[in-house]
Amino acid sequence: MLRMSTIIYTHTDEAPLLATYSFLPIIEAYAAQAGVEVETRDISLAGRILAAFADRLPADQQVPDALAELGALAERPEANIIKLPNISASVPQLKAAITELQQQGFDLPDYPESPSTDEDRETRARYDTAKGSAVNPVLRQGNSDRRAPAAVKGYAKKYPHRMGAWSSDSKTAVATMGKDDFRSNELSVVVDADDTLSIVHVAADGTETVLKDDVKVLAGEVVDSTYMDVAALRRFLTEQIARAKAEDVLFSVHLKATMMKVSDPILFGHAVQAFFPTLFDQYGEQLRAAGISPNDGLGALLNATKDLPDGEAIAAAVAQGLEDGPRMAMVDDRKGITNLHVPSDVIIDASMPAMIRTSGHMWGPDGQEADCLAVIPDSSYAGVYQTVISDCQANGAYDPATMGSVPNVGLMAKAAEEYGSHDKTFEVPAAGRMELRASDGTVLTAHEVQPGDVWRACQTKDESIRDWVKLAVTRARASDTPAVFWLDETRAHDTNLIEKVRTYLGDHDTDGLTIEVMAPAEACAYSLERIRRGEDTISVTGNVLRDYNTDLFPILEVGTSAKMLSVVPLINGGGLFETGAGGSAPKHVQQLVSENYLRWDSLGEFFALAASFEHLAGYADNPRAQVLADTLDRATGTFLDRDKSPTRKIGGIDNRGSHFYLALYWAQELAGQSDDAELAAAFGPLAERLTAAEDQIVSELNAVQGSPADIGGYFRPDGEKADRVMRPSATLNEALASL
Ligand SMILES: NC(=O)C1=CN([C@@H]2O[C@H](COP(=O)(O)OP(=O)(O)OC[C@H]3O[C@@H](n4cnc5c(N)ncnc54)[C@H](OP(=O)(O)O)[C@@H]3O)[C@@H](O)[C@H]2O)C=CC1
Ligand SMILES: O=C(O)CCC(=O)C(=O)O
Ligand SMILES: [Mg+2]
């Protein structure tokens, strides 16, 4: 049981974890003055792997399952969790993390790529609990409210970020299937009573195989099933590869192999195979035998070639394939890392807006920007990006100094929709029929399928939908902004949702509010027209568009989704405060290690922390927490006004310097406020000390830049080393200790 005034701060991965080493000591010191305890829980990829094997490790290496603990906490009213971004691991990342842990002395088994014994299957199942988006669905027991705080929009207007110009002869386009895909094959039902469904494969000869028999559903729940026709997908990919070559644009594939951890690595693997057709005809068997799957990407494949009898020939075939095909969009042209190297490298939510911000360009093999064909196989949401691209081609780039905003209210609670489908996704074993059945045998949905088709079922709880509609009305009212439900009446799932939305809107006072329902591409066009006029429009979306829109609009509006306020009001009353809307920015860690400079912008953490204190003040009836929240908000305002985010290049302040400035402004605010005299007195001396030592502290922080930094690990840094690297100012450390 937690104390009433406890905040849980999560230890995650990569850049946010490094930032935590610097920022958490500040938070702990300030919170303690208000009787607020800050506890940490390790939900990093490394921590989750170790927890999954705790029973096989010696006592001194065992770690508890912090994610399970927090998942249970998220269902309780006292939950107050600050969640930093974490790695959603692809198989290559998972393997790299295992190798690092083995090197650190943890006796972990290798990842069994093709398990054949019971023991291997058990090992694989444990590792798979840490794979993909394994954290967010557990903690997100509520719907999502993400927006750019007014101070951030103000900052973007005062200091507009660079936006690449668009020209009307841009050849950039989105390619999507439009038929035979998840969208067009979708079937959807609303179940009328609590039940346990099963998923059954019926082979052509009538043989039935139960693939899953424990799909629990509640009355009123929306249940869908659909499949990707893989033969059609292969034809489509081959056509788009030819099209990119004919149009002389970069070829790139945009999926979500992290969150859609079962389906999308398979689609990615088909893209790899389509790009190198003869390679897999010729060497497929050898690669398979060596445990190399195209789903893991070209990087893993090339890595493995050195140990294969035909390794050189395979590497040559890859080089030839790259030569023959269209120019490939690159993740890192200097290292020759293409878009098809690692399934988790090009994630649709972050990669599409980054391209749109850069004139519709990606990076080519020659290191130059170029137009591209963005291949998004499933057509459920692809039209949104085409709409933005067409708008930029017709009307030019957006102007951050004048553009409006598109905040998001996202349906996310209880693993809603596609993002909760992993345990119900199957690569079809044989030709036949996939059926979703009620417990009395009634067939709810049925699809005729071929081997290799990717079939999945999704669930959306009625309670989640009801809460989402309420949140949308609350936000529309609080911000006096029109709200648009991005729902498509020609799509099966959305039709059921629209009916529920209309019903639940009736539970609320919507007098004077503008609330619309439009299909995604149309809703996007409507919002873009308004955005150019400087007007705001709330996007009320399902879980996938929540993810996409909360990178798309922030990246265009304020340069990065790191500056977002991202709150998850948990259905049972607690609060989950996510920091920003983006990821863990792996390239920032590489920069820290090579030149001791961390570009991570912690604004998202500042906003989350203020929201967390505010929530705690109400829940624990702790007025001092409210003072911390109010002063932190004002300090963040000053921070933005004086532009104290990390500078883009080495030499200026980085993440650590920005934390110092936040600490300085926050101490000044606390010392200067009159709501709580004791707190003012406690912070007075610290404010003076930090103010006087500003130059000294900044010079101590900046002095370390320019040479490599040793943090003792990538996935599991050494705590003491990371602490030394991230807290290099003795003057600041002593001042904090004096509080
Ligand atoms: N909530 C979560 O837990 C999330 C986790 N992820 C995970 O994060 C990893 C990386 O994902 P990826 O899609 O590459 O997305 P990232 O958001 O990590 O990276 C994309 C780019 O966003 C910018 N960026 C993001 N956050 C910050 C920040 N705080 N400060 C400065 N710049 C920032 C940087 O680009 P620029 O140079 O343009 O500023 C960065 O290179 C994956 O493992 C993914 O699964 C992804 C999204 C959310
Ligand atoms: O959980 C993940 O894999 C990523 C989450 C994400 O991108 C988001 O919520 O915006
Ligand atoms: Mg996202």
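From a predicted model like this one, the values you see are computed outputs, not experimental measurements. (Residues numbered from 1 in each chain as written. Chains lettered and ligands numbered in written order. Predicted model: local features only at pLDDT ≥ 70, side-chain atom pairs only at ≥ 80, totals over all residues. Heavy atoms only, no water.)

**Student:** Just checking my understanding: could you explain the site of ligand 2 for this structure?
**Tutor:** In the vicinity of ligand 2, the residues found are Ser88, Ser133, Asn136, Arg140, Arg146, Lys256, Thr258, Met259, Asp349, Arg546, Asp547 and Ala581. In this structure, an oxygen atom belonging to ligand 2 sits 2.5 Å away from a side-chain N or O atom of serine 88. Separating an oxygen atom of ligand 2 from a side-chain N or O atom of arginine 546 is a distance of 3.0 Å. The fraction of the free accessible surface of ligand 2 (290 Å²) that becomes covered by protein chains is 90%. (Near = heavy atom within 4 Å. Polar contact = N/O pair within 3.5 Å; in protein donor to acceptor, adjacent residues only side chain to side chain. Areas by Shrake-Rupley, 256 points an atom, 1.4 Å probe, with all protein chains shown as cover.)

**Student:** What exactly am I supposed to notice about the environment of valine 540 here?
**Tutor:** For valine 540, the position within the fold is in strand β22 (residues 538–541). A C-alpha to C-alpha distance of 28 Å links valine 540 and proline 16, two positions 524 residues apart in sequence. Those residues in contact with valine 540, other than ones at most four positions away along the chain, are Val409, Trp468, Ala472, Ala483, Val484, Phe485 and Trp486. (Helix = DSSP H or I, 4+ residues; strand = E, 2+ residues; numbered from the N terminus. Contact = heavy atoms within 4.5 Å.)

**Student:** What's the story with the packing of helix α22 (residues 655–672) against helix α23 (residues 677–692) in this structure? I'm lost.
**Tutor:** Any two packed helices are characterised by how steeply their axes cross, that is the angle between the axes, and by the distance between the axes. Running from N to C, α22 and α23 cross one another at 140 degrees; their axes reach a closest spacing of 7 Å. Between α22 and α23, the crossing angle belongs to the class labelled oblique. When you trace α22 past α23, the crossing you get is left-handed. Touching Phe660, Ala663, Leu664, Ala667, Gln668, Leu670 and Ala671 of α22 are Leu679, Ala680, Phe683, Gly684, Leu686, Ala687, Leu690 and Thr691, all from α23. Among the residues forming the contact of α22 with α23, the class breakdown is twelve nonpolar, three polar and no charged. (Axes fitted to C-alpha atoms, helices over the stretch in contact; angles between N-to-C directions. Parallel < 35°, antiparallel > 145°, perpendicular 65-115°, else oblique. Left-handed = near helix turned anticlockwise from the far one by under 90°. Nonpolar A, V, L, I, M, F, W, Y, C, P; charged D, E, K, R; others polar.)

**Student:** Explain the site of ligand 1 here, please?
**Tutor:** Near ligand 1, the surroundings consist of 21 residues, among which Arg357, Gly583, Ser584, Ala585 and Asp601 are the closest. In the model, an oxygen atom of ligand 1 is placed 3.0 Å from a nitrogen or oxygen of the lysine 83 side chain. Take serine 88: an N or O atom from its main chain is 3.3 Å from an oxygen atom of ligand 1. Relative to its unbound accessible area of 890 Å², ligand 1 is 85% covered by the protein chains. Every element with two or more residues in the shell around ligand 1 is listed here: α13 (348–357) and α19 (586–595). With three residues, the top contributor of residues to the shell around ligand 1 is α19.

**Student:** Can you walk me through the packing of aromatic side chains in this structure?
**Tutor:** Two descriptors summarise a pair of aromatic rings, namely the distance from one centre to the other and the angle between the planes of the rings. The tally for this structure, following the rule as stated, stands at 17 aromatic pairs. Centre to centre, the rings of tyrosine 381 and tyrosine 548 are 6.0 Å apart; their planes meet at 80 degrees, and the pair counts as edge-to-face. Here the residue tyrosine 381 occupies a position in the loop between β14 (369–375) and α14 (382–395), and tyrosine 548 occupies one in helix α18 (residues 543–558), the gap between them amounting to 167 residues. Of the two residues, tyrosine 381 and tyrosine 548, neither departs from the other in class, the shared state being buried. Taken together, the ring pairs in this structure connect Tyr30, Phe613, Trp666 and Phe683 into an aromatic cluster. Just above the ring of phenylalanine 182 sits the side chain of arginine 456; from NZ or CZ to the centre is 3.8 Å. Geometry around tyrosine 661 places lysine 644 over its ring, the cationic atom sitting 4.4 Å from the centre. (Phe/Tyr/Trp six-rings, centres within 6.5 Å; stacked < 30°, edge-to-face > 60°. Buried < 20%, exposed > 50% of the residue type's maximum accessible area, 1.4 Å probe, protein only. Lys NZ or Arg CZ within 6 Å of the ring centre and 35° of its normal.)

The quantities given are spatial measurements derived from coordinates; they are silent on function.
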